[in-house]
Amino acid sequence: MMSLARTSLLALAGRQYLYKLKAHANLLTTLTVVQLIALFFTLLGGTGMVNTGNGHLNITVTTFSSANFIVFTLTWAFVAAIVLTGKSALNLDFAFVSTRLSRSLANAALLLTMGALGGLVIALGGILMRVIFFISGRGADIIGADFYLPPGDLLLGTLVAALYVTLTATLGYFLGSLIQRRKILAVIIPALLVGSLMLEVRNPNIRLSLTAMKFFTAETSPGIFVLKALAASGLLLLGSIVVSRRTEVRR
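As the structure is a computational prediction, the values presented were derived from the model and not from experiment.

Comments concerning the packing of helix α3 (residues 67-83) against helix α5 (residues 100-135)
And step 1. Contact pair α3 / α5: the axes reach a minimum separation of 10 Å and the direction vectors enclose 160 degrees. In terms of their interaxial angle, α3 and α5 are classed as roughly antiparallel. The handedness of the crossing between α3 and α5 comes out as right-handed. Facing α3, whose interface residues are F69, I70, T73, W76, A77, A80 and A81, α5 presents L111, M114, G118, I122, G125, G126 and M129.
And step 2. Residue composition of the contact of α3 with α5, grouped by class: 10 nonpolar, four polar and no charged.

A short note on the confidence of the model for the protein
And step 1. Mean pLDDT over the protein: 78, with 77% of residues reaching 70 or higher.
And step 2. Averaged pLDDT values over the elements of the protein bottom out at 61 in strand β1 (residues 48-53) and peak at 90 in α3.
And step 3. Taken as a whole, residues 1-6 scores under 50 in pLDDT and shows zero contacts with residues more than four places along the chain or in a different chain.

Remarks on the environment of L36
And step 1. Position of L36 relative to the elements: it lies in helix α2 (residues 25-45).
And step 2. With relative accessibility at 54%, the residue L36 sits in the exposed group.
And step 3. For the pair formed by L36 and F69, sequence separation is 33 residues and the distance between their alpha carbons is 9.0 Å.

Brief notes about the packing of α5 against helix α6 (residues 151-181)
And step 1. Between α5 and α6, whose axes approach to 7 Å, the crossing angle comes to 140 degrees. The orientation of α5 relative to α6 falls into the category oblique. Where α5 crosses over α6, the two elements pack in a sense that is right-handed.
And step 2. Of the residues in the contact of α5 with α6, the class split is 14 nonpolar, seven polar and one charged.

Some remarks on the packing of aromatic side chains
A ring pair, where both rings are aromatic, is described by two values, the distance of the centres and the angle of the planes.
And step 1. If you walk through the whole model with that rule in mind, you get three aromatic pairs.
And step 2. An angle of 70 degrees between the planes, with centres 5.5 Å apart, marks the rings of F40 and F41 as edge-to-face.
And step 3. Classification of F41 by relative accessible area gives partly exposed; the value is 41%.
And step 4. Ring centres of Y164 and F225 lie 5.0 Å apart, and the angle between their planes is 45 degrees; on these two criteria the pair is classed as tilted. Here the residue Y164 occupies a position in helix α6, and F225 occupies one in helix α9 (residues 222-245), the gap between them amounting to 61 residues.
And step 5. Overall, F225 belongs to the buried group, its relative accessible area being 5%.
And step 6. By the ring-pair criterion, three or more aromatic residues cluster together here, those being F40, F41 and F72.

Topic: a nonpolar patch on the surface
And step 1. A surface patch of nonpolar side chains, amounting to about 700 Å² of accessible area, comprises L120, L124, I127, L128, V131, F134, I135 and L149.
And step 2. Positionally, L128 belongs in helix α5.
And step 3. Of the residues examined, L128 reaches a relative accessible area of 39% and is grouped as partly exposed.

Comments concerning the environment of R130
And step 1. Along the chain, R130 turns up in helix α5.
And step 2. Judged by its relative accessible area of 19%, R130 falls in the buried class.
And step 3. Taking the C-alpha atoms as reference points, R130 and S65, 65 residues apart in sequence, are found 9.6 Å from one another.

Rules of the game
Residues numbered from 1 in each chain as written. Predicted model: local features only at pLDDT ≥ 70, side-chain atom pairs only at ≥ 80, totals over all residues. Heavy atoms only, no water. Axes fitted to C-alpha atoms, helices over the stretch in contact; angles between N-to-C directions. Helix = DSSP H or I, 4+ residues; strand = E, 2+ residues; numbered from the N terminus. Parallel < 35°, antiparallel > 145°, perpendicular 65-115°, else oblique. Left-handed = near helix turned anticlockwise from the far one by under 90°. Contact = heavy atoms within 4.5 Å. Nonpolar A, V, L, I, M, F, W, Y, C, P; charged D, E, K, R; others polar. pLDDT = per-residue confidence, 0-100. Buried < 20%, exposed > 50% of the residue type's maximum accessible area, 1.4 Å probe, protein only. Phe/Tyr/Trp six-rings, centres within 6.5 Å; stacked < 30°, edge-to-face > 60°. Patch = residues over 30% accessible without salt bridge, like charges linked within 9 Å, V, L, I, M, F, W, Y side chains within 5 Å. Areas by Shrake-Rupley, 256 points an atom, 1.4 Å probe, with all protein chains shown as cover. Salt bridge = Lys/Arg side-chain N within 4 Å of Asp/Glu carboxyl O.

Structure representation (structure tokens):
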């Protein structure tokens, strides 16, 4: 009986996931628009510029990277995950005879899909940027050993980007679940974030957000980073499930 119940739960969650994937197809359209905007700003001015000279010779070095693609995609994932916890998204669940657990599993699968797609478009965005430079006739001005990406580095970069997007999405989903639990948190959470950032700017000895970011970004071992990202994402999803189970079914 336990095996039959587990299979039924997974099948139910799978059907909900497919339904949610179709219902939230607009999020994929939004991701495409966000990537185009990131590409526009990247090609417009790069991600950094250095000017140097000695009075007779001036050199301007413009740096181009995937930084804009990463920032824009992470922002998309965070906002989209919060949208998934909203009332309109919650009402979609009533098209099914479901449970809070099956809903949470379907949303978890959707967040993982968002992470995979986000990591993929970040990698493709970097490649597209390189192609545009070549076909625009600016190839002769390009200097950089990292212009050509080996397949192994491309796959590793896609995996790392996907994990960052997944981590950001699960964080947004967790915060959105908390806000659905207590509406007042919609004001308290942003206030705490802004207040902590202001406190860190004024006091160099306090680096809470920077320490949290370095826990992931400063990791040099790919294997350990994968474990950190998966563990953090899993805990956030677990916390979201616990919070969602305490939320009213429909309001």
